[in-house]
Amino acid sequence: VGYLGQTARPPKGSGPSAPKQTALELGLDNQDFKVFVRVRPPLPREFGQPACCSINDVEDPKQRLVQQILLHRDDAARGQANAEFIFERIFTSEAS
């Protein structure tokens, strides 16, 4: 019952928003933390489907070589547009 007299908390979503660019996109360097990603092989039900992503070598603002993955989504009706992510290294499904 004591909580009834307390000031209400601000509604969710009123706090800080997520960054619009990653540290790599901004040219920031963190020697203690690196992000690598691996693209999984296609599942049997996915054979014969167009590729869901493409991987490109790009340069960050400090001209360091990083990798970009573009996710190809064709379901804009559900709000799933193409997306782009940057990582230090991306391993393809053929990597072991």
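Not measured: the values here are computed from a predicted model.

Things to note about the overall build of the protein
From N to C terminus, the protein includes one helix and five strands. Starting at the N terminus, the α and β elements of the protein follow one another as α-β-β-β-β-β. For the protein, the share of sequence-separated contacts (at least 6 apart) that also reach a separation of at least 24 residues comes to 41%. Carbon and sulfur atoms form 56% of the exposed surface of the protein, whose accessible area is close to 8200 Å².

What about the pattern of salt bridges?
Counted under the stated rule, the structure contains two salt bridges. Between glutamate 46 and arginine 40 there is a salt bridge, with its nearest N and O atoms 2.9 Å apart. Classification of glutamate 46 by relative accessible area gives partly exposed; the value is 26%. Close ionic contact of arginine 64 with aspartate 60 constitutes a salt bridge, the shortest N to O distance being 2.7 Å. Judged by relative accessible area, aspartate 60 falls into the buried class, the value being 5%.

Focus: the state of the cysteines
Applying the stated criterion across every chain yields a total of zero disulfides. Counting only cysteine sulfurs, cysteine 53 is the nearest neighbor of cysteine 52, a cysteine outside any disulfide, at a range of 4.0 Å.

Considering the environment of glutamate 94
Take glutamate 94: it is sitting in the segment after β5 (89-91). Here threonine 92 takes part through its side chain, which lies 3.1 Å from a polar atom of the side chain of glutamate 94. Within polar-contact distance, the side chain of glutamate 94 engages the side chain of serine 93 at 3.3 Å.

Procedures and definitions
Residues numbered from 1 in each chain as written. Predicted model: local features only at pLDDT ≥ 70, side-chain atom pairs only at ≥ 80, totals over all residues. Heavy atoms only, no water. Helix = DSSP H or I, 4+ residues; strand = E, 2+ residues; numbered from the N terminus. Contact = heavy atoms within 4.5 Å. Areas by Shrake-Rupley, 256 points an atom, 1.4 Å probe, with all protein chains shown as cover. Salt bridge = Lys/Arg side-chain N within 4 Å of Asp/Glu carboxyl O. Buried < 20%, exposed > 50% of the residue type's maximum accessible area, 1.4 Å probe, protein only. Disulfide = S-S within 2.5 Å. Polar contact = N/O pair within 3.5 Å; in protein donor to acceptor, adjacent residues only side chain to side chain.

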